[in-house]
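# Structure at a glance
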Amino acid sequence: MKLSFIHLIFACFFMSGCAYRGIAPEITTPHSFQRPIQPAVKKELIIVDAGHGGKDAGASSKRESYEEKELTLETALLIADYLKQNGYKTILTRTQDIFVPLVTRAEIANSLNADLFVSIHYNYSSSKDAKGIEVFYYKEEKKETPSFRIAQSKELGEEVLKKIVKSTGADSRGVKEANFAVVRQTKMPAILIEAGFLSNPRELEKIKDPQYKQSLAKGIANAVDQYLARHRK
Ligand SMILES: [Zn+2]
């Protein structure tokens, strides 16, 4: 928008039939202005962690043909895509169906000094009625877990949950504390998203739908963008 406006001013300045003379100028768009607008490159690095992988399938059912590890990878790839479209640097802890130990996932984020860590999982319950999305962060205060990280993880979790409930129409189960290795071992604000119940037939159908996963991923990426915009120095 800004570029087009500036261009219009320049066009008015140099064109003979300018509005200055009370004649409406014929506005043409030079080829260079027809390119899609590139997002501003942002400095933050976000680690996107697809839960499970390889020998660890996560929740799975042959009869209902799903494996959590596949669904998390598909979703993580979409999240990374949307973040890249927003100008962010992203690293995935896995891009294929391989086993990556939990501690390695956290080490990847720590060694790269990443700004945020976002882990994606799908839930399972013995009750078919259990439904909705919940987001976890690590709360226990230790020397290596400064309180700013706890507060920022919680804030990020709240932003993400709010946005994905809006983008998918799913129920919110809230932002909760948990002692999961990937959110405990990481040193930056970190969350783990349980993005719906594979044990709930209605939610499973939605989760299998590529468009639903796109809405989910878009909501997560928008929330990350909003959170970082608030914290950018
Ligand atoms: Zn999982």
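This write-up is about the structure you can find in this document. Model, not experiment: these values are computed from the prediction.

A word on the sheet that holds strand S8 (residues 190-197). Strand order in the open sheet formed by 6 strands is S4-S1-S5-S8-S6-S7, and the pairing between neighbours is mixed. Each end of this open sheet is capped by a strand with a single partner; those strands are strand S4 (89-92) and strand S7 (172-177). Along the sheet, successive strands turn relative to each other by an average axial angle of 20°, direction set aside. Each of strand S1 (45-50), S4 and strand S5 (116-123) touches helix H3 (residues 102-111); the most contacted strand, S1, lies at about 170° to it. Against the sheet, helix H6 (residues 201-208) makes contact with S5 and S8, and its axis sits at roughly 115° relative to S8, the strand it touches most.

Time to look at the side chain of Asp49. Within the secondary structure, Asp49 is located in strand S1. In this structure Asp49 comes out as buried when scored by relative accessible area, which is 1%. Among the polar contacts listed, one links the side chain of Asp49 to the side chain of Thr93, at a separation of 2.6 Å. Each residue touching Asp49, except ones within four places of it in the same chain, is listed here: Thr93, Arg105, Phe117, Val118, Ser119, Ile120 and Val182.

Right, let's talk about H6 for a bit. Owing to its 3.6 residues per turn, the α-helix brings residues three or four apart onto one side. Inspection of H6 places Glu203, Leu204 and Ile207 among the buried residues, and these make up the whole buried set. When H6 is viewed along its axis, its buried side chains cluster within an angular range of 105° and face the same direction. Facing away from the buried surface of H6 by more than 90 degrees, the exposed residues are Arg202 and Glu205. Looking at the packing, one finds that the buried side of H6 touches strand S3 (66-67), helix H2 (68-85), S5, S8 and helix H7 (210-231). For H6, the N-terminal capping position is held by Asn200, with its side-chain oxygen 3.0 Å away from the main-chain nitrogen of Arg202.

What follows covers the nonpolar core. Membership of the largest hydrophobic core comes to 41 residues, with the highest contact counts inside it found for Ile46, Ile193 and Ile220. In terms of residue count, the dominant contributor to this core is H7 (9 residues). The contacts of Ile220, once residues within four sequence positions are left out, are Ile79, Val118, Ile120, Val160, Ile164 and Ile193. If you look at the next biggest cluster of nonpolar residues, it comprises 13 residues, including Ala114, Phe117, Phe136 and Val182.

So, on to the pairing of S4. Side chains Thr90 and Leu92 of S4 all project onto a buried face; the interleaved residues Lys89 and Ile91 project onto a face where none is buried. Relative to S4, S1 runs parallel, the two sharing 4 bridges. The partner of Ile46 across the bridge, within S4, is Thr90.

One pass over the structure, following the stated rule, counts 13 salt bridges. With a shortest N-O distance of 3.0 Å, Asp97 and Lys69 are connected by a salt bridge. Of this pair, Asp97 sits in the loop between S4 and H3 while Lys69 sits in helix H2, and the two are 28 residues apart along the sequence. Residue Asp97 is classed as partly exposed on the basis of its relative accessible area of 44%. Put simply, Asp171 and Lys131 hold a salt bridge, and the shortest N to O gap is 3.2 Å. Here Asp171 is found in the loop between helix H4 (147-168) and S7, whereas its partner Lys131 is found in the loop between S5 and strand S6 (133-137), with 40 residues between them in sequence. One salt-bridge network, in which partners are shared between bridges, spans Glu155, Glu159, Lys162, Lys163 and Arg230.

This next bit is on the packing of aromatic side chains. Scanning the entire structure with this criterion turns up 1 aromatic pair. Geometrically, the ring pair formed by Phe136 and Phe180 is edge-to-face, given 5.2 Å between the ring centres and 75° between the ring planes. Taken together, the residues span a long stretch of sequence, with Phe136 in strand S6 and Phe180 in the loop between S7 and helix H5 (181-185) at a distance of 44 residues. The class of Phe136 is buried, set by a relative accessible area of 10%. Sitting above the plane of the Phe99 ring, Lys55 keeps its charged end 4.4 Å from the centroid.

This part is about the coordination of the zinc ion. Each donor-metal-donor angle would ideally measure 109.5 degrees in four-coordinate tetrahedral geometry, or 90 or 180 degrees in six-coordinate octahedral geometry. Looking at the metal site, the zinc ion is ligated by His52 (NE2), Glu68 (OE) and His121 (ND1), spaced 2.0 to 2.2 Å from it. Ordering the donors of the zinc ion by residue number gives the pattern H-x15-E-x52-H. A residue pair is termed long-range when its members are at least 10 positions apart, and Glu68 in helix H2 and His121 in strand S5 qualify at 53 residues. What makes His121 buried here is its relative accessible area of 11%.

Basis of the calculations
Residues numbered from 1 in each chain as written. Predicted model: local features only at pLDDT ≥ 70, side-chain atom pairs only at ≥ 80, totals over all residues. Heavy atoms only, no water. Pairing = 2+ DSSP bridges. Helix = DSSP H or I, 4+ residues; strand = E, 2+ residues; numbered from the N terminus. Axes fitted to C-alpha atoms, helices over the stretch in contact; angles between N-to-C directions. Contact = heavy atoms within 4.5 Å. Buried < 20%, exposed > 50% of the residue type's maximum accessible area, 1.4 Å probe, protein only. Polar contact = N/O pair within 3.5 Å; in protein donor to acceptor, adjacent residues only side chain to side chain. Arc of directions from axis to C-beta. Core = buried A, V, L, I, M, F, W, Y, C linked by side-chain atoms within 4.5 Å. Salt bridge = Lys/Arg side-chain N within 4 Å of Asp/Glu carboxyl O. Phe/Tyr/Trp six-rings, centres within 6.5 Å; stacked < 30°, edge-to-face > 60°. Lys NZ or Arg CZ within 6 Å of the ring centre and 35° of its normal. Donors = N, O, S within 2.8 Å, 3.2 Å for Na, K, Ca; no water.

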